[in-house]
Amino acid sequence: MTGYLLRRVGQALVVLAGVSVLVFALVQLVPGDPIRLALGTRFDQETYDALLARSGLDQPLVQQYLSWAGRALTGDLGVSFRSGETVTSLIAERLPATLTLALASILVALVIAVPLGTVSALRPRSVVDRMATVVSQFGISVPDFWMAIVLILVFAGTLGWLPSGGYVPLSEDPAGWLQRLVLPAVVTGTVSGSVITRFVRSSVLEALGADHVRTAQAKGLRRREVFTWHVLRNALLPLVTVTGVQLAYLLSGVVVVEIVFAWPGLGQLALQSVQARDYPLLQGAILLFAVVFLVINLVVDLLYTAIDPRIRR
Amino acid sequence: MRSSKRALPLVAAGVLALGACGGGGEAVDTGAGGGGGGEGGTLVAAVAAQPDQFDPHVTTAYPSFQVLENVYDTLVVPNAEDLTMEASLAESWETSEDGLTWTFTLRDGVTFHDGSEFDSADVVYSYNRIIDEELSNSFRFANVAAVEAPDPQTVVIRLSQPTPNLLERIGAFKGMAILPENAAEDLDLTTEANGTGPFRLESSDASSTVLTAYADHWGGAPSVGGVEFRYITEPAAALTALQNGEVQWTDNVPPQQIEPLAGDDTVELQTTPSVDYWYMSMNYARPPFDDRDVRRAISFAIDREAVAEAAWFGAAQANQTAIPEDSFFHYDYAPFQRDPEQARQLLQQAGVQTPLTMGLMVTDEFPETVTAAQVIASQLGEVGIEVQIETLDFATWLDRQGQGDFDAFYLGWLGNLDPAAYYQEQHQTDGPNNYQGYSNPQVDQLLQAGSTETDQAARKQIYDQAAQLIVDDVSYLYLYNPDVVQAWAPGLSGYQIRADKAINFETVELP
């Protein structure tokens, strides 16, 4: 087990090193001059040169990468061109909002997906199953900004039940926190939930047809016991993966939903950093997303070994 | 003075709660000095974007200036009504005979938010900081030879040549703010502020920026206890927030809602012509756009009213010169009425084979340019010019503009006050913003003369002549001046919508 863990962590670190080179190179390929953008339209050449020298962008690329990667190892991701604050503090400022929304969305997604997917699988081609298919097709294909604006107009505008957007920390105003969380979490949760519903349905169906389930049934176990111990437990495995992937996606920020609901998460920050050609911030944000995906994959793999001992090697 | 700022979100909530009951805010870094501020509660204003930072001398972002307008003061300031310059931190000023020395007498009894006294050393420090560190506004001091402080109440600015628009240069916006001496060493100016304005910067995070009233402001304490700028990017969401009472003010109004909202009594909507202008420009280094007849043909082919209507849903005035109607320097000159026949003739005269393909560079940073370009494309199509619209993000757009890699582009100049700002850098040969590559010795000479002429009437005449040449040559193809559009809760009073889009909440009163 320890060997397996070490091997997986080692792999993750190698991937991360590769990703850091890619991130740096890709950001450089983005067209558009950050210095010009920072200065706005009205400026002269001396001002331009002064800022160029100050930002270190006049150095050779390799040297820029080495100093960036070196500092990143110590947790220093540099200073944002745009705001002059450190990248780590800017990211840390966004993390609570992102975590809140991601976890709430996954909760909404699972609440939708697990019962719906299971019921669909238990009664294939029934009315419930067909409705579930339609609903999840709708959830996957409807644009999230459209759903978001409709929800704002209905629940914040016409009905006036909920605020139209924004974010307050839980510690400050629990009621306000919950009120502001509902609409964005429903939008992102519906999208993720629609994806997960299909996985749940197919994995439960597959588990239902497995040999050991038939054996269990033949042994005369009660239906409920068969379902809980032999079907659900096996169906859980792919669910862990797809939920992990969805969570990683949500943690790297859901840009459109965050913008419509004025939700100050990482998606917004990443978009702003692209628009402003804020290299240090952009590199920091992408590197963070890479870490999120790597860590979640690692956790998923470890969970697998806990659920299914056969995988432990 | 330097304080930890990671605890700001919590402080913000405390301030909001306290502000609402009229008590004193617990300041982050200056002790409990904010007590006794305005009587009212907090005004919540929905703005489109987060300020990038709060150093007025460094930032160039409008979202930052929306906030800084209320925090810092300048020596002089545009009058809210007609944008002529009037006293602010400087009470009065005089100009020497030769126009080379300006002497400012400073206001007495002004204090910064930390309680320290304001005097001439602060002005010298602030201006020298901009000049010496070559910060983003250093071009505004191009003519300044020295800034001196003979005594605490007096500032002398020595110039290398007469500069009639000096007041505009130092007062047009808060980029020329007066900071306390050594502010850059004592504070982290990107996140902290210490100004002389009506509000102090209390806190700022990823969802809002909070200001509290500064009771000891030289102009009197503001009427509200504070202002919260909440960032709502999506215009439909901002409008909904205004309509259901979450916010009391916004400048983020969907253009297509301007007309319907005029008859809606749940929202007060106001518009005023802005000092901005939008234009198209063609590359003089790329034939056939170096040919005056071709540019004039294109100018004749465009229906400016239709472009303005498409871009702004009617909230814009078509214009063929840069300066809008309400300005003293407006020049009523409009030689181009849509005339496709004449356009075709001019193209023929220039020996241009149609269809002629023309790239038109626009940016999604300003969505109206994308819409307007579609109208322009269809109008030019009628005279045999095939427009290829290139929609770029702003960084790429700026980059290609700087490298001269375009046939034509479409953009606006925002926040201009003085005629020099409207014309000089854009149309003078080798002007820093003359990306189209225009060069007309007569225009150069006029713009040079205009920049040093001190008599207002004579100055207007000079700029009228320059404008006429610029329009006739189609250095810029001027299209329209858009309106400033803002909306607020019915009953909100004491607020003045301004042509320069400065947002000042000093005298605002909640409903």
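See the structure printed just above.
This is a predicted model, so every value here is computed, not measured.

**Student:** Can you break down the overall build of chain B residue by residue, with the values?
**Tutor:** Helices and strands together make up the secondary structure of chain B, namely 15 helices and 18 strands. For chain B, whose C-alpha radius of gyration is 24 Å, the value lies close to the compact-globule estimate of 24 Å for 511 residues. By its C-alpha atoms, chain B is 75 × 55 × 35 Å across when sized along the principal axes. Sorting the 511 residues of chain B into buried and exposed places 60% on the buried side. For chain B, the accessible surface area stands at approximately 18400 Å², while carbon and sulfur atoms represent 46% of it. Seen as two clouds, the 23 positive and the 76 negative side-chain charges of chain B have centres 5 Å apart.

**Student:** Outline the overall build of chain A, supporting the account with residue identities and numerical values.
**Tutor:** Of regular secondary structure, chain A possesses 13 helices and zero strands. Taken from the N to the C terminus, the helices and strands of chain A come in the order α-α-α-α-α-α-α-α-α-α-α-α-α. By principal-axis analysis of the C-alpha atoms, chain A measures approximately 85 × 60 × 35 Å. Taken across its 313 residues, chain A has 46% of its residues classed as buried. A separation of at least 24 residues holds for 72% of the contacts in chain A among residues at least 6 apart in sequence. For chain A, the computed accessible surface area is about 15400 Å², with 70% contributed by carbon and sulfur atoms. Across chain A, the centroid of the 24 positively charged side chains sits 17 Å from that of the 19 negatively charged ones.

**Student:** Describe the interface of chain A and chain B, naming the residues involved and giving the relevant values.
**Tutor:** On the chain B side, the residues contacting the 41 residues of chain A number 46 residues. Across the interface of chain A and chain B, roughly 3500 Å² is buried in total on both sides, 51% from carbon and sulfur atoms. Taken together, the links from chain A to chain B amount to one salt bridge. Put simply, chain A and chain B have nine residue pairs in polar contact (both at pLDDT 80 or more) between them.

**Student:** Quick one: what's the story with the sheet that holds strand E7 (residues 154-159) of chain B, residue by residue and with numbers?
**Tutor:** Residue and element names in this part refer to chain B. With antiparallel pairing, the four strands of this open sheet are ordered in space as E4-E5-E7-E6. If you trace the sheet from one side to the other, it starts and ends with strand E4 (90-95) and strand E6 (144-151), each paired once. Adjacent strand axes in the sheet meet at a mean angle of 20 degrees when their direction is disregarded. Relative to E7, E6 is paired through five bridges, and the arrangement is antiparallel.

**Student:** Would you mind going over the pattern of salt bridges in detail, with residue names and values included?
**Tutor:** The tally for this structure, following the rule as stated, stands at 21 salt bridges over all chains. Across the pair Asp301 of chain A and Arg8 of chain A runs a salt bridge whose closest N-O atoms are separated by 2.6 Å. Taken together, the positions of Asp301 of chain A in helix H13 (residues 279-307) and Arg8 of chain A in helix H1 (residues 2-29) put the pair 293 residues apart, joining distant regions of the chain. Its relative accessible area of 23% is what places Asp301 of chain A among the partly exposed residues. Overall, the relative accessible area of 14% leaves Arg8 of chain A in the buried class. The salt bridge involving Arg459 of chain B is made with Asp418 of chain B; its shortest N-O contact spans 2.9 Å. You can see Arg459 of chain B sitting in helix H15 (residues 456-473) and its partner Asp418 of chain B sitting in the loop between strand E17 (408-413) and helix H13 (419-427), a full 41 residues away along the chain. Both residues of the pair, Arg459 of chain B and Asp418 of chain B, belong to the buried class.

**Student:** For the side chain of Gln272 of chain A, give the residues involved together with the corresponding values.
**Tutor:** When you line up the elements, Gln272 of chain A lands in helix H12 (residues 266-275). Filtering out sequence-adjacent residues up to four positions away, Gln272 of chain A remains in contact with Arg82 and Arg94 of chain A together with Gln50 of chain B.

**Student:** Talk me through the packing of aromatic side chains; I want residue IDs and the actual numbers.
**Tutor:** Residues and elements named next belong to chain B. Applying the stated criterion across every chain, the model contains 34 aromatic pairs over all chains. Between the aromatic rings of Trp397 and Phe409, the centroid separation amounts to 5.2 Å while the plane-to-plane angle is 80 degrees, which identifies the pairing as edge-to-face. Residue Trp397 is found in helix H12 (residues 394-403), and its partner Phe409 is found in strand E17; the two are separated by 12 residues along the sequence. Here Trp397 falls in the buried class, since its relative accessible area comes to 0%.

**Student:** Before we move on, can you summarise the pairing of strand E5 (residues 101-106) of chain B with the specific residues and values?
**Tutor:** Residues and elements named next belong to chain B. In this sheet, E5 lies alongside E4 in antiparallel orientation, the contact comprising five bridges. Bridge pairing links Thr95 to Trp102 in E5. With antiparallel pairing between neighbouring strands as the criterion, E4 and E5 make up a hairpin whose turn holds five residues, including Gly99 at a positive phi of roughly 75 degrees.

**Student:** Let's hear about a nonpolar patch on the surface: which residues, and what values?
**Tutor:** All names here are of chain A. Where nonpolar side chains cluster on the molecular surface, the patch consists of Phe138, Phe145, Trp146, Val150, Val154, Leu159, Trp161, Val255 and Val256 and spans about 810 Å² of accessible area. Elements that contribute at least two residues to the nonpolar patch include exactly helix H7 (144-158) and helix H11 (255-260). It is H7 that provides the largest number of residues to the nonpolar patch, a total of four residues. Along the chain, Val255 turns up in helix H11. What makes Val255 partly exposed here is its relative accessible area of 31%.

**Student:** Run through the environment of Asp308 of chain A, naming residues and quoting values.
**Tutor:** Inspection of the secondary structure puts Asp308 of chain A in the segment after H13. C-alpha separation for the pair Asp308 of chain A and Leu237 of chain A, spaced 71 residues apart in sequence, amounts to 7.9 Å.

Definitions and cut-offs
Residues numbered from 1 in each chain as written. Chains lettered and ligands numbered in written order. Predicted model: local features only at pLDDT ≥ 70, side-chain atom pairs only at ≥ 80, totals over all residues. Heavy atoms only, no water. Helix = DSSP H or I, 4+ residues; strand = E, 2+ residues; numbered from the N terminus. Rg over C-alpha atoms; globule rule 2.2 N^0.38 Å. Buried < 20%, exposed > 50% of the residue type's maximum accessible area, 1.4 Å probe, protein only. Areas by Shrake-Rupley, 256 points an atom, 1.4 Å probe, with all protein chains shown as cover. Lys, Arg positive; Asp, Glu negative; His and termini not counted. Charge placed at Lys NZ, Arg CZ, Asp CG, Glu CD. Contact = heavy atoms within 4.5 Å. Buried area = accessible area lost by both parts, 1.4 Å probe. Salt bridge = Lys/Arg side-chain N within 4 Å of Asp/Glu carboxyl O. Polar contact = N/O pair within 3.5 Å; in protein donor to acceptor, adjacent residues only side chain to side chain. Pairing = 2+ DSSP bridges. Axes fitted to C-alpha atoms, helices over the stretch in contact; angles between N-to-C directions. Phe/Tyr/Trp six-rings, centres within 6.5 Å; stacked < 30°, edge-to-face > 60°. Patch = residues over 30% accessible without salt bridge, like charges linked within 9 Å, V, L, I, M, F, W, Y side chains within 5 Å.

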